[in-house]
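# Per-entry structural report
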Amino acid sequence: MHQHKAFHLTRSLIVFLGARLGLGLGLGLGLGLGLGLGLGLGAALPLQAQSYPSKPVRIIVGVPPGGFTDSVARFITPKLVETLGQQFTVENRTGASGIIAVEAAMKSTNDGYTLLMSTNAEMAVNPHVLAKIPYDPLRDFVPIVPVAFGALVVAANSAAGINTLEELISNARAKPGALSYASAGNGTVNHLAGEWLNSAAKISIVHVPYKGGGPAASDVVGGQIPLGVLAAAAALPHMKSGRVKGLAVTSARRLSFAPNLPTVAESGIPGYEVTLWAGFFAQPGVPREVVSRINAEVNRALKLADVRERLSGIAAEVLGGTPEDLSALVKTDFERYGRI
């Protein structure tokens, strides 16, 4: 009796579904449709990931062309175009210590077609050095994948007559406030590195913020400002040309591209270490499958020899990893720079 009722209920449901879909199906086809619908619902999410992207994707960065973050983004995007079959366009939204770029990403639809490539400057430093910011890095963004990291270089225009960090500190102590240094902007990691140097060495070098690492490096090269705390990506070409003198690197260890360049710690500031990392982020609510797809494709690109070579050319090293790895980076640096 119960089996008979169950059969009639099942047949009624199938007929109802068939009628709603306008298929005019018989019982046999109805059973097939019922099974098909069940399987289709189970496969819906993977299909969403497989169909992404179906239109161009923009990647917002908060620095002008030529800076560390911009360069990293432009090395990765051609590989995403090759494998995913859609355009990935880097969009430079500069100003306000990266906040303009972050806000532009926040206001975009959370469908995975607007991504943010950001750094520890926006995600870990801004909350501690700016009085008020319109975002919470630990709440308002979903980490996708860590991409690369690089050190900074304390650099001087070749005509400034400063050849070592010790000479810089000596000159600054002799004439407090007479020297100035360029950074990529207020609240950037470059700025923090410069002020840490000021504090630790008990000197006073005036900070001059620029709208990105590229413009800052250009003015150091041109002699408009004698010093800069620059991403190695921006400093390296000018160090090779002889127009800029590298004084020290901010990483804990010397860099492979400039093994004779000492660290700040070696030059009399023990415990000093500042690096810059970049990673992909999206808005909360972005489909998890999209996060997984971007993560997988970026990790694949980072294993390619030509991508590694280009990153090495700007003194950057490959990171890669999971969304959880990037989340850990944000949290660790958020706490670390808060203490500093």
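Residues numbered from 1 in each chain as written. Predicted model: local features only at pLDDT ≥ 70, side-chain atom pairs only at ≥ 80, totals over all residues. Heavy atoms only, no water.

## Some words on the overall build of the protein chain
Applied cut-off: Think of it this way: any DSSP run of H or I at least four residues long counts as a helix, any run of E at least two long counts as a strand, and we number them from the N terminus. Exposure is judged per residue with a 1.4 Å probe applied to protein chains only, and the accessible area is read against the type maximum: over 50% gives exposed, under 20% gives buried, and values in between give partly exposed. Whether two residues touch is decided by their heavy atoms; if any such pair falls within 4.5 Å, the residues are in contact. Each accessible area value is a Shrake-Rupley result obtained with a 1.4 Å probe; residue values ignore everything except the protein chains displayed when judging cover.
Broken down by element type, the protein chain carries 12 helices and 10 strands. Looking at the protein chain as a whole, 49% of its 340 residues qualify as buried. Of the contacts made within the protein chain by residues no fewer than 6 positions apart, 77% connect residues no fewer than 24 positions apart. Counting every atom, the protein chain has about 15,800 Å² of accessible surface; 56% of that belongs to carbon and sulfur.

## Looking at empty space enclosed by the protein
Our working rule: Throughout, the protein atoms alone are placed on a 1 Å grid, and a set of points is a cavity if a 1.4 Å probe fits but cannot get out or a pocket if it is open with protein on both sides within 12 Å along at least five of seven lines; lining residues have an atom within 4 Å of a point. Grid points are joined across faces, edges and corners, and a volume is the space filled by probe spheres set on the points. Gly is placed with the polar residues, together with every amino acid not listed as nonpolar (Ala, Val, Leu, Ile, Met, Phe, Trp, Tyr, Cys and Pro) or charged (Asp, Glu, Lys and Arg).
Summed over all chains, the structure comprises 1 cavity of 30 Å³ or more. Here the largest cavity defines a volume of roughly 60 Å³. Around the largest cavity, the lining residues are Val-154, Ala-155, Leu-168, Tyr-181, Gly-194, Leu-197, Asn-198, Ile-205, Leu-227, Gly-228 and Val-229. Only β4 (142-157), α7 (189-201) and β7 (227-231) provide two or more residues apiece to the lining of the largest cavity. Considering only residue class, the lining of the largest cavity consists of 8 nonpolar, 3 polar and no charged.

## Digging into the environment of Ile-225
Note that Ile-225 resides in the loop between α8 (213-222) and β7. Distance in space between the C-alpha atoms of Ile-225 and Asn-157 is 7.7 Å, their sequence separation being 68 residues. Once you skip the residues sitting within four places of it in the chain, Ile-225 turns out to touch Asn-157, Ser-180, Tyr-181, Ala-182, Val-208, Tyr-210, Asp-219 and Val-220.

## Quick word on the packing of helix α3 (residues 68-84) against helix α10 (residues 288-302)
Heads up, the condition is: Only the stretch in contact is used when fitting a helix axis, every axis being a line fitted to C-alpha atoms; angles between N-to-C directions are given from 0 to 180 degrees. By convention, the crossing between two helices is left-handed when the near helix turns anticlockwise from the far helix through less than a right angle, and right-handed when the turn is clockwise.
Contact geometry of α3 with α10 gives a least axis separation of 10 Å together with a crossing angle of 115°. Here α3 and α10 pass one another in a crossing that is right-handed. Contacts between α3 and α10 pair Ile-76, Lys-79, Leu-80, Thr-83 and Leu-84 from the former with Arg-293, Ile-294, Glu-297, Val-298, Arg-300, Ala-301 and Leu-302 from the latter.

## Some thoughts on the packing of helix α5 (residues 120-129) against helix α12 (residues 323-339)
Relative to each other, α5 and α12 sit at 35°, their axes nearing to 8 Å. As for the relative orientation of α5 and α12, their crossing is right-handed in sense. For the pair α5 and α12, contact is made by Asn-120, Met-123, Ala-124, Val-125, Pro-127 and His-128 and by Val-330, Asp-333, Phe-334, Tyr-337 and Gly-338, respectively. Residue composition of the contact of α5 with α12, grouped by class: 7 nonpolar, 3 polar and 1 charged.

## Some remarks on helix α9 (residues 232-241)
The buried fraction of α9 amounts to 7 of the 10 residues, a majority that puts the element mostly inside the structure. Those residues of α9 not exposed but buried are Ala-232, Ala-233, Ala-234, Ala-235, Leu-236, His-238 and Met-239. Contacts made by the buried residues of α9 are with α3, β4, α8, β7, β8 (244-249) and α11 (305-313). One or two positions beyond α9, positive phi appears at Gly-242, with a value near 90°.

## Section: the side chain of Asn-126
Along the chain, Asn-126 turns up in helix α5. Ignoring any residue separated from it by four or fewer positions in sequence, one finds Asn-126 in contact with Ser-97, Ile-99, Ala-121, Ile-133, Tyr-135 and Gly-187.

## Notes on the nonpolar core
Here is the rule: Working definition of a nonpolar core: buried Ala, Val, Leu, Ile, Met, Phe, Trp, Tyr and Cys residues. They are joined through side-chain atoms within 4.5 Å.
Core analysis: the largest hydrophobic core is formed by 67 residues, its most contacted members being Val-147, Leu-168 and Phe-280. With residues near it in sequence (within four places) discarded, Leu-168 still touches Val-154, Ile-162, Leu-179, Leu-197, Ile-205, Leu-227 and Leu-247. Grouped together as the second largest cluster of nonpolar side chains are 21 residues, Ala-217, Leu-230, Ala-235 and Val-249 included.

## Structural notes on the pairing of strand β1 (residues 57-61)
Here is the rule: Strands pair, by our definition, only if DSSP identifies at least two bridges between them. Note on handedness: a crossover is taken as right-handed if, strands pointing away from the viewer, the path from the first strand over the helix to the second is clockwise.
Counting buried residues along β1, 4 of its 5 residues qualify, which places the element largely inside the surrounding structure. When β1 meets strand β2 (residues 88-92), the two strands line up parallel, connected through 5 bridges. Residue Val-57 lies in a different strand from β2, and its bridge partner there is Phe-88. Regarding topology, α3 serves as the crossover connection from β1 to the parallel β2, and that connection is right-handed.

## Considerations on the pattern of salt bridges
Put simply, the test is: Any carboxyl oxygen of Asp or Glu within 4 Å of a side-chain nitrogen of Lys or Arg constitutes a salt bridge here.
Counted under the stated rule, the structure contains 8 salt bridges. One salt bridge connects Glu-82 with Lys-79, and the closest N-O pair in it is separated by 4.0 Å. With Glu-82 and Lys-79 both in helix α3 and 3 residues apart, this pair spans about one turn of that helix. A residue is classified by how much of its surface remains accessible, and Lys-79, at 11% relative accessible area, is buried. The salt bridge partner of Arg-93 is Glu-91, with a shortest N-O separation of 3.0 Å. Note on Arg-93: relative accessible area 30%, which makes it partly exposed. By relative accessible area, Glu-91 is classed as partly exposed at 24%.

## Topic: the side chain of Ser-108
Looking at where Ser-108 falls in the secondary structure, it is placed in the loop between α4 (99-106) and β3 (114-119). Excluding residues that lie within four positions of it along the chain, Ser-108 makes contacts with Arg-58, Thr-114 and Gln-283.

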